[in-house]
Amino acid sequence: MALPTRHILPGFPPTVSPASHAVEVDGWVHFTGQLGRDLAAPEAPLPPDIGAQTRRALANLTASLGALGLGLEHVVSCRVYLTCFERDYAAMNAAYAEAFPEGARPSRVCIGVTALALGALVEVEAVAKRP
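These lines cover the structure that appears in this document, whether it is placed above or below. (Residues numbered from 1 in each chain as written. Predicted model: local features only at pLDDT ≥ 70, side-chain atom pairs only at ≥ 80, totals over all residues. Heavy atoms only, no water.)

**A closer look at the side chain of Ser64**
Next, step 1: Mapping Ser64 onto the fold places it in helix H1 (residues 50–67).
Next, step 2: Beyond its immediate chain neighbours, meaning those up to four positions away, Ser64 contacts Leu9, Phe12, Phe31 and Gln34. (Helix = DSSP H or I, 4+ residues; strand = E, 2+ residues; numbered from the N terminus. Contact = heavy atoms within 4.5 Å.)

**Section: the nonpolar core**
It is characteristic of soluble globular proteins that their nonpolar side chains tend to be buried jointly.
Next, step 1: If you look at the biggest cluster of nonpolar residues, it comprises 26 residues, and the most contacted ones within it are Phe31, Leu65, Val80 and Met92.
Next, step 2: Taken together, the elements giving at least two residues each to this core come down to strand E3 (28–34), H1, strand E4 (75–82), helix H2 (85–99) and strand E6 (122–129).
Next, step 3: Looking at this core element by element, the count peaks at five residues for H1.
Next, step 4: The contact partners of Phe31, leaving out residues within four places of it in the chain, are His21, Ala22, Leu61, Ser64, Leu65, Leu68, Leu70, Glu125, Ala126 and Ala128. (Core = buried A, V, L, I, M, F, W, Y, C linked by side-chain atoms within 4.5 Å. Buried < 20%, exposed > 50% of the residue type's maximum accessible area, 1.4 Å probe, protein only.)

**A closer look at unusual backbone geometry**
Next, step 1: At Asp26, a position not held by glycine, the phi torsion is positive, near 50°.
Next, step 2: Mapped onto the elements, Asp26 comes out in the loop between strand E2 (22–25) and E3.
Next, step 3: Look at Leu118: it is not a glycine, yet its phi comes out positive at around 60°.
Next, step 4: Mapped onto the elements, Leu118 comes out in the loop between strand E5 (107–112) and E6.

Right, dumping it as structure tokens:
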């Protein structure tokens, strides 16, 4: 097994936690969880609702994938974390389905948590595989 490559993506703000943007080994790319923050203005407030935060988190994931020459079609699994699971699950799923259309969806788990960084309502992490 090759040693992992730790990616710090040029032009992206630092991660919220002490982590790489992504870590890659043997063609598998593990992306740090994405929040609904604006990558161009990372100190700006998060959008107020789950739909907007989910769409932005997935846009941030798409940008991270693109920086490594990948796209959403390369994502094999996602983990989604929600702070208000029962309230936000349906709306998060609706926004998620916009990014991953039927027939092109990765495996997924959705987990209710007590809190996320920056007071986020949702965080999305992913694993992708290079072709």
